[in-house]
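Observations on the three-dimensional arrangement
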Amino acid sequence: MNKLLQLGMCALIGGSLSACQSTQSKETKVEAPSWVELFNGKDLNDWTIKIAKHEVGENFANTFRVEDSVIKVGYEGYEQFDQQYGHIFYNKPYSYYLLRVEYRFVGEQARGGEGWAWRNSGIMLHGQEPHTMLKDQDFPISLEAQLLGGNEKEERSTGNLCTPGTEVVYKDEQFTPHCLNSNSKTYAGDQWVTADVLVLGDSIIKHIINRDTVMVYTKPTINGGGVSNYDPQVKQDGKLLSSGYFSLQSESHPVEFRKVAIIDLASYAKDPKKLDGVLREIRDRDTK
């Protein structure tokens, strides 16, 4: 395991301090940058919408809107959902970063939504640029930190992994199925949940739910299925994903996002010791 991978594995929210110390004789003290709010609570001017069966930039039926300082995803203008999966992309690509999203599910699912999409949304990571998506494309080629709400009948984890047009290495083996459940608790009802994702280029990605690390994988690569109606020139199978756009989903169930914030870690990408110090500082600061 390379040095950067070791640091990312243990030195963040939900990581084990003792495990980190066992690999480090000294801690590097670095002042961590502050969170940068990407959603201003007022408008979606810094975002681009892409909904399947519609052109880039068309906000069909006002699916995505800002109300009461919250990004709301709703389907009041849909007669039938009809697999019109949507994504709202932040207009800047990132490579090394820590992203924080606070979300909750509300209300009733849209007519025509699939059963699996009940209380289902996601954060798409390392995604393709939205203008490269074809009109009828269902999902961006990306990695999905899948967000699920509980049904009060059974365990239903959140912070899962899905892989539209991608594959990863999980527990040292190539993972080819489309989705993989995390080890998170179930969060039922309309409660707010905090989802963090740590993305370190093409090396390691961690999903963190309410400060608990629930999913870790490495070497994200374009490959496999789980995505339809894409431009073949964009789906370059075998290419490692080291950067891309992130987006939030509309998959037929109303969902709200009240916080979207990021810490850009790109300046530490070539300095594992400084990166380690920054991740430790972020962890310690967030647990105070």
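Above: the structure in question.
Residues numbered from 1 in each chain as written. Predicted model: local features only at pLDDT ≥ 70, side-chain atom pairs only at ≥ 80, totals over all residues. Heavy atoms only, no water.

1. Side note on the nonpolar core
Within the largest apolar cluster, 48 residues are counted, with the highest numbers of intra-cluster contacts made by Trp-47, Leu-99, Ile-123, Leu-125, Phe-246, Phe-257 and Val-260. Ranked by residue count, the leading element in this core is strand β6 (residues 96–105), at 5 residues. Setting aside residues up to four positions removed in sequence, Leu-125 forms contacts with Tyr-97, Ser-142, Leu-143, Val-197, Val-199, Ile-205, His-207, Tyr-217 and Tyr-245. Of all hydrophobic cores here, the second largest spans 16 residues; its members include Tyr-96, Leu-198, Ala-261 and Ile-263. (Core = buried A, V, L, I, M, F, W, Y, C linked by side-chain atoms within 4.5 Å. Buried < 20%, exposed > 50% of the residue type's maximum accessible area, 1.4 Å probe, protein only. Helix = DSSP H or I, 4+ residues; strand = E, 2+ residues; numbered from the N terminus. Contact = heavy atoms within 4.5 Å.)

2. A look at the sheet that holds strand β5 (residues 86–90)
Spatially, the 7 strands line up as an open sheet ordered β2-β5-β16-β7-β8-β9-β12, and their pairing is antiparallel. The open sheet has two edge strands, β2 (47–51) and β12 (179–180), and neither has a second partner. Note that β5 and strand β16 (residues 245–250) share 4 bridges and pair antiparallel. Residue pairing for β16: Ile-88 is matched across the bridge by Leu-248. (Pairing = 2+ DSSP bridges.)

3. Topic: the state of the cysteines
Following the criterion strictly, the structure yields 1 disulfide and no others. The disulfide partner of Cys-162 is Cys-179, and the S-S distance across this bridge is 2.1 Å. Linking Cys-162 and Cys-179, the disulfide has an S-S dihedral of approximately 110° and is accordingly described as right-handed. With a gap of 17 residues between them, Cys-162 in strand β9 (residues 160–162) and Cys-179 in strand β12 connect regions that are remote in the sequence. (Disulfide = S-S within 2.5 Å.)

4. Some words on the packing of aromatic side chains
Throughout the structure, instances matching the rule amount to 13 aromatic pairs. Their ring planes at 10° and their centres at 5.9 Å tell us that Tyr-90 and Phe-246 sit as a pair that is stacked. Here Tyr-90 is found in strand β5, whereas its partner Phe-246 is found in strand β16, with 156 residues between them in sequence. Assessed through its relative accessible area of 13%, Tyr-90 is described here as buried. The class for Phe-246 is buried, based on a relative accessible area of 1%. Centre to centre, the rings of Tyr-170 and Phe-175 are 6.4 Å apart; their planes meet at 70°, and the pair counts as edge-to-face. Classification of Tyr-170 as partly exposed rests on a relative accessible area of 22%. The rings of Phe-60, Tyr-75, Tyr-78, Phe-81, Tyr-85, Trp-116 and Phe-139 are connected pair by pair, giving a single aromatic cluster. (Phe/Tyr/Trp six-rings, centres within 6.5 Å; stacked < 30°, edge-to-face > 60°.)

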